[in-house]
Amino acid sequence: MENKVLTEIYLAASGKSYDIYLSEDMYVYEAVKLLSEIFDEISEGFFSSGDINFLCDRHTGKIYPSDKTLRQLQIKNHSSLMFV
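Residues numbered from 1 in each chain as written. Predicted model: local features only at pLDDT ≥ 70, side-chain atom pairs only at ≥ 80, totals over all residues. Heavy atoms only, no water.

Q: Just checking my understanding: could you explain the nonpolar core for this structure?
A: Ile9, Ile20, Leu35, Phe39, Leu55 and Phe83 are the most contacted members of the largest nonpolar core, which has 19 residues in total. Of all the elements in the fold, those that place two or more residues in this core are β1 (4-11), β2 (16-23), α1 (28-42) and β4 (80-83). When residues of this core are assigned to their parent elements, the largest contribution, five residues, is made by α1. Apart from the residues within four sequence positions on either side, Ile20 is in contact with Val5, Leu6, Thr7, Ile9, Leu35 and Phe39. (Core = buried A, V, L, I, M, F, W, Y, C linked by side-chain atoms within 4.5 Å. Buried < 20%, exposed > 50% of the residue type's maximum accessible area, 1.4 Å probe, protein only. Helix = DSSP H or I, 4+ residues; strand = E, 2+ residues; numbered from the N terminus. Contact = heavy atoms within 4.5 Å.)

See the structure below:
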């Protein structure tokens, strides 16, 4: 069974936050790809996915390594992340 966590994703390009469910077993690079697609659709032109996007902790600015899962990084319900 796939466990999902409810995360708050701050999209720096638009200055808006979004509540998004992500799988705990998802690798960061998979989350980045998924979020790029989502934000391309909903950002009303504020965001255009590029070759370099990353996911980081919103409070510390620490960039998450792409080869780790959300579970390994201890991302849990209500974690506050930033997508750049």
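Next comes the rest of the account.
Q: Could you clarify how one ought to interpret the side chain of Glu24 in this entry?
A: Within the secondary structure, Glu24 sits in the loop between β2 and α1. Every residue in contact with Glu24, bar those within four places of it in the chain, is listed here: Asn3, Val5, Thr69, Leu70 and Arg71.

Q: Can you help me understand the confidence of the model for the protein chain in this one?
A: Residues shown with low pLDDT carry predicted positions that ought not to be read at fine detail. Here the protein chain shows a mean pLDDT of 90. Residues at 70 or above account for 92%. Taken element by element, the predicted model of the protein chain shows its lowest mean pLDDT in α1 (91) and its highest in strand β3 (residues 55-57) (97). (pLDDT = per-residue confidence, 0-100.)

Q: How should the pattern of salt bridges be read in this particular structure?
A: Here the idea is simple: oppositely charged side chains can pair when their charged atoms come close. Counted according to the given criterion, the structure contains three salt bridges. A salt bridge links Arg71 to Glu24; the nearest nitrogen and oxygen atoms lie 3.3 Å apart. Taken together, the residues span a long stretch of sequence, with Arg71 in the loop between β3 and β4 and Glu24 in the loop between β2 and α1 at a distance of 47 residues. Under the relative-accessibility criterion, Arg71 is labelled partly exposed at 40%. (Salt bridge = Lys/Arg side-chain N within 4 Å of Asp/Glu carboxyl O.)

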